[in-house]
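Inside the fold
Here's the letter readout for the chains.
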Amino acid sequence: MKIKISLVVITSYFLLNTVGTLAQNSVHPRVYTTNAAKNDFIQSIDKVSWKKEFVDAKKQKLEKYLKLWQQNPNWLVSRLQMNWNTKHDKVFLNSGEFAYSSGSAPVPTVRYSGTRDWASDYSRPKLEDVQPYLDDPRGLYLKNNKTKKMEWTHPSKAGFAIEKTNEEIMGLVEDAAFLYWLTGDEKYAKFAAPVFLKYMEGMYYREAPVDLKKSDQARISGLATFEVIHEGIVVPLVTSYDFLYTYLKANNNNLDHSVAVFQKWGDQIIVNGIPDNNWNLFQARFLTYIGIVLDKNDTYKNGKGSEYFLKYTFDESTERQLAVKESLLVYDEETGIWPESPSYSVHVITTLLRIFTLLDHTTNNNEFLNVPIIEKAALASFQYLFPSGYLLGFGDSHHSILPPENFELLISNYKKYTQKEKEVLISSILDKMIADKLYTRKASDYFDLFFYVDELQKNSSGASSSIQLISPTFYAPNVSMFNQRMGKGSDAVMVSTVGSYGNHAHANGIAIELFANNYAIGPDMGKGPSYWNEAHREFYSRFPAHNTVAVDGKSDYSAMRSYHPFSLDNSFPKSGMTSIFDKVTLSKVSFLEPQTNADQQRLTAVIKSKTQKPYIIDIFRSKKQQDGKQKHEYFYHNIGQSLDIFDSNNKLISLNSTDELSTKYGDIKGYDYFEDKKKVKTAQDIQAVFSIKDKQNSFMKLWIKGNENQTIYSVKSPKSNALSKGTAPADLVEAKVPTLVVKRDAAAWEQPFAIVFNPYLEGEKNPITTVEYASLKSNPNVQVIELTLDDKETRDKIIATTSDRDEVEEGDFYQLGLLSITRKTPDAKIMDFLFLSGMSKFIQDGWEIIAAGTPITMSVENEENQFVIQNDGPVVMKVPFYKGKKTAELRIYENDTLIETRQGIPSRSNPEQIDFRLSKAYDKVVIVF
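Below or above, wherever it landed, is the structure these notes cover.

Calculation notes
- Residues numbered from 1 in each chain as written.
- Predicted model: local features only at pLDDT ≥ 70, side-chain atom pairs only at ≥ 80, totals over all residues.
- Heavy atoms only, no water.
- Helix = DSSP H or I, 4+ residues; strand = E, 2+ residues; numbered from the N terminus.
- Phe/Tyr/Trp six-rings, centres within 6.5 Å; stacked < 30°, edge-to-face > 60°.
- Buried < 20%, exposed > 50% of the residue type's maximum accessible area, 1.4 Å probe, protein only.
- Lys NZ or Arg CZ within 6 Å of the ring centre and 35° of its normal.
- Pairing = 2+ DSSP bridges.
- Expected span 1.5 Å × (residues − 1).
- Contact = heavy atoms within 4.5 Å.
- Axes fitted to C-alpha atoms, helices over the stretch in contact; angles between N-to-C directions.
- Parallel < 35°, antiparallel > 145°, perpendicular 65-115°, else oblique.
- Left-handed = near helix turned anticlockwise from the far one by under 90°.
- Nonpolar A, V, L, I, M, F, W, Y, C, P; charged D, E, K, R; others polar.
- Lys, Arg positive; Asp, Glu negative; His and termini not counted.
- Salt bridge = Lys/Arg side-chain N within 4 Å of Asp/Glu carboxyl O.
- Polar contact = N/O pair within 3.5 Å; in protein donor to acceptor, adjacent residues only side chain to side chain.

1. Regarding unusual backbone geometry
The step from His-28 to Pro-29 runs through a cis peptide bond, and the omega angle for that step is -5°. Mapped onto the elements, Pro-29 comes out in the loop between helix H1 (15-18) and helix H2 (38-47). Between Phe-572 and Pro-573 the backbone carries a cis peptide bond, its omega angle lying at -15°. The topology assignment puts Pro-573 in the loop between strand E17 (567-572) and strand E18 (584-593). Even without being a glycine, Lys-437 presents a positive backbone phi close to 60°. Tracing the backbone through its elements, the reader meets Lys-437 in the loop between helix H14 (420-435) and helix H15 (446-451).

Below, the structure written as structure tokens:
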């Protein structure tokens, strides 16, 4: 199955052409469904189990509240969070906190939320425990989570208690409105209508909030909440209005105030917000609901109907609300990546799919054709995944699965417009998520209920797709992320290297997350309890919470909206591509740490071992540009129950307690979050072993190069808020994280932090037997790492410099370039493989490789006395004779097709060599003896 997916960004827009097809005035429902589709929908409930389960669950949940309502018609109304007695119509804020309300309206008005910060010491009561008609000058009467006692508290200390209680109540109203439409039973309408009308009347007479401090809060506030993107109650209000409309009209209810509230809400969203990140799209979703449920402009005296609000949703930008058309321009057309951390990026995709599904339901004009970047982004999101199928955790992200809804909604569109091949392709993705027990098909809300297809299409032909969802490497420059993957199953290893770029980023320098042994074994720490919480500001969003290097204990810069990417200097294979040489992936990135003006460089290579379990080389260089006293600290966090330190003779080292790594010694506040701090000062090579006691005991061994100015610390970090049950054992998800800190009281450039990450599982072969480090006196920048693999014969030799301009010469060995990796056994005349990157000239074991221009990346792999080669630029190769003086043949392939053969020419400069020349890059070249 070959499917072509267009990658074009929006070039023209649709709204002007489709507005004429909007639903006719006064025809309801129309947001999710219509009366014309009702019979088919009812039949589908009987046939489709997940639909029936959803509807039955709604009926069952509502029964309890119907009984309470029948006993007391005011039971649910009285629990609305309203200004019942005071009837205040004005709301005043102190920046992100509720200050007070005042004024007087003719009816009870809706209370405003308590605070922008959702983290609170108080629990929101169950609906049954909410005090009816509560409007007390003492505030809210809530349970203190610390003291476990009920107490009065100001709303500003209660988090989202007010708004979430109203949302819960309106959710019940929404359920009853739907069941009224579905069954025709008026008890549901009689239950729902008074609550809906009371709320809407209360909001009609209540003004938008005023910020007394005239802070940024003044331009982001909604009508009910502190952020226009959290006005979640809009959705059940629109749904209730849509399903109850005929009942309300039949009972002579004047809906002018309800319409005015929707208009006021839409205006607030258009006027307020943050115009250059995900806010535009989250706001646009609410505007889409409002635009669709309202009638046409000419229905209303103020002209604010469907066309008006959909215009500001899709086509026309304001100071605080960019239109969808303009918002989408920040997508990277080449990669399909949105410029925010993964959790937010995939949520943006969901939001866009919802918006366009709603619009398309109204217009039936295949609106998705206008926005092909959404489809590309949905498929590109697989590049965020660990091998376990969970998202990376950098920035404010957490390890969750991709939203299955993204694929459900693509399938819904494909089915509607008979794109069978695409429907089968995306259905197979969902089928795999279901098979992997990551997803169970169900409806979470009414949107899902009406728009998910009843059944997924099966791939009866068994054909595979030509679309590659995950590649060995992937680079997304607009979030400063480079991912490297290798291996399958329990052998799978992944390294994600990230800078700080885009929204919801952290101050983390050059950080990595590691996946091995089936877990996100070296996780990011995620975000704190909330963005306003001290732990988030001081620790979770700062250097000490990341696998990175901090300078002088002071490395720091702005988090959240950050502009501190790394530069990608070298990498292999090319981003998004698959190479015939699969033994190595590589990245080398550079960064200027702005707080201390320190140059930093991180070279990370994933190398396949003889056991198929890869290992990782990490060489981190860091130095201040200004001479003088300096220190550099390498942080690495690894899940587990223990961290043990061993000397070069594999003897356990005893560490001593310390109060270092703290503000007491001049470090930033994030260091104070470390606990159980122990240290040892040693110049020798050491091994640090993190242990996970699980169903199959797991180990991560770090082979660490020694240095005379080096101190090793074992500490405990706060729990990682990125972890989930899919990326860590259940008992470690909430546990403190063992952390290694390697401190260098000197520059770490000529003598960088050099570490081999060696994951293995108990009962399986450890891929590494020994690791030896060395450097050259002639060029201290050069790092030499020699590993003996599990068979105790095969040796990998890595020679790494700082750049492609560095020279290494020792005996018969010569290297002018960044990196070489050679695998061979001591007695073998022929190497297993050779990998070069950033290389101008290389001489070893009779081979001589010279770049004919800019430095190249190249691999040479021995396959039964023939050498399979891949190169990314012009090169001259001088190859030693391996079978007497018998020459060799060069075979050149393009797209796996042989296009040229030629015989090697004996070298004029060395009679023991054969010369070959390649004029450009080739994916596959074979030298056959």
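2. A word on the packing of aromatic side chains
Considering all chains together, one arrives at 63 aromatic pairs under this definition. A centroid spacing of 6.2 Å and a plane angle of 90° characterise the contact between Tyr-32 and Phe-447, whose relative ring orientation is edge-to-face. You can see Tyr-32 sitting in the loop between H1 and H2 and its partner Phe-447 sitting in helix H15, a full 415 residues away along the chain. Accessibility expressed as a relative area gives 4% for Tyr-32, which makes it buried. According to the relative accessible area criterion, Phe-447 is buried, its value standing at 1%. Taking the centre distance of 5.7 Å and the plane angle of 65° together, the rings of Phe-635 and Tyr-671 count as edge-to-face. Remark: Tyr-671 occurs in the loop between strand E23 (656-657) and strand E24 (675-681) and Phe-635 occurs in strand E21 (residues 632-637); sequence separation between them is 36 residues. Ring-pair connections join several aromatic residues into one group, and the members of that group are Tyr-32, Phe-41, Phe-54, Phe-178, Trp-181, Phe-243, Tyr-289, Tyr-446, Phe-447, Phe-450 and Phe-451. One Lys or Arg, Lys-841, reaches over the ring of Tyr-814 and ends 5.7 Å from the middle of that ring. When the ring centre of Tyr-893 is taken as origin, the NZ or CZ atom of Lys-924, which lies over that ring, is 4.7 Å away.

3. Remarks on the sheet that holds strand E3 (residues 97-102)
Taken in spatial order, the 3 strands make up an open sheet running E3-E2-E8, and their pairing is mixed. The two strands at the open ends of the sheet, each matched to only one other strand, are E3 and strand E8 (210-211). Sheet analysis places strand E2 (residues 90-94) next to E3, joined by 5 bridges and oriented antiparallel. Residue Leu-93 lies in a different strand from E3, and its bridge partner there is Phe-98.

4. So, H14
The end-to-end C-alpha separation of H14 is 22 Å, in line with the 22 Å expected for 16 residues at 1.5 Å each. Regarding H14, the residues found buried are Lys-422, Glu-423, Val-424, Leu-425, Ile-426, Ser-427, Ile-429, Leu-430 and Met-433. Summarising the contacts, the buried residues of H14 are in contact with helix H12 (372-380) and helix H13 (404-416). One or two positions beyond H14, positive phi appears at Lys-437, with a value near 60°.

5. Some details on helix H11 (residues 342-363)
Its 22 residues place the ends of H11 32 Å apart at the C-alpha level, agreeing with the 32 Å of an ideal helix rising 1.5 Å per residue. By the criterion of burial, H11 is predominantly enclosed, with 20 of the 22 residues buried. Just beyond H11, the residue with positive phi is Asn-364, at close to 55°.

6. Comments concerning the packing of H11 against H13
With their axes 9 Å apart at the nearest point, H11 and H13 run at an angle of 30° to one another. Here H13 runs roughly parallel to H11, going by the angle between their axes. Handedness of the crossing formed by H11 with H13: left-handed. Residues Val-346, Ile-349, Thr-350, Leu-353, Arg-354, Thr-357, Asp-360 and His-361 of H11 form the contact with H13, whose own contacting residues are Glu-405, Asn-406, Leu-409, Leu-410 and Lys-416. The residue inventory of the contact of H11 with H13, partitioned by class, reads 5 nonpolar, 4 polar and 4 charged.

7. Comments concerning the side chain of Asp-242
Relative to the elements of secondary structure, Asp-242 occurs in helix H6 (residues 234-250). Comment: no salt bridge for buried Asp-242; closest opposite-charge side chain is Arg-30, at 5.3 Å. There is a polar contact of 2.9 Å between the side chain of Asp-242 and the backbone nitrogen of Arg-30. With sequence-adjacent residues up to four places away left out, Asp-242 is seen in contact with His-28, Pro-29, Arg-30, Val-31, Tyr-32 and Val-293.

8. Details of the pattern of salt bridges
Under the definition given, this model contains 53 salt bridges. Across the pair Glu-128 and Lys-64 runs a salt bridge whose closest N-O atoms are separated by 2.7 Å. One end of the pair, Glu-128, is in the loop between strand E5 (122-123) and strand E6 (140-144); the other, Lys-64, is in helix H3 (residues 49-71), and 64 residues separate them in sequence. Lys-64 gets classed as partly exposed once you look at its relative accessible area, which sits at 42%. A salt bridge links Arg-441 to Glu-408; the shortest N-O distance between them is 2.8 Å. Residue Arg-441 is located in the loop between H14 and H15, and its partner Glu-408 is located in helix H13; the two are separated by 33 residues in the primary sequence. Considered together, Arg-441 and Glu-408 belong to a single accessibility category, that of buried residues.

9. Some thoughts on the sheet that holds E6
Reading across from one edge, E5-E6-E7 is the order of the 3 strands in this open sheet, with antiparallel pairing throughout. Lying at the two open borders of the sheet, with one neighbouring strand each, are E5 and strand E7 (150-153). When E6 meets E7, the two strands line up antiparallel, connected through 4 bridges. Bridging across to E7, Leu-140 finds its partner in Thr-153.

10. Quick word on the environment of Ser-714
Along the chain, Ser-714 turns up in strand E27 (residues 710-717). On the basis of relative accessibility, which here comes to 14%, the residue Ser-714 falls in the buried class. Residue contacts for Ser-714: discarding those within four places in its chain leaves Leu-643, Leu-655, Asp-676, Lys-677, Lys-678 and Thr-739.

11. As for the pairing of strand E32 (residues 795-800)
Inspection of the sheet shows strand E31 (residues 779-789) paired to E32 by 6 bridges, in the antiparallel sense. Bridging from a neighbouring strand, Gln-783 pairs with Ala-800 of E32. Count of turn residues in the E31/E32 antiparallel hairpin: 5 residues, of which Lys-792 carries a positive phi of about 65°. Sheet topology places E32 next to strand E34 (residues 813-824); 6 bridges connect them, and they run antiparallel. Bridge pairing links Asp-796 to Arg-823 in E34.

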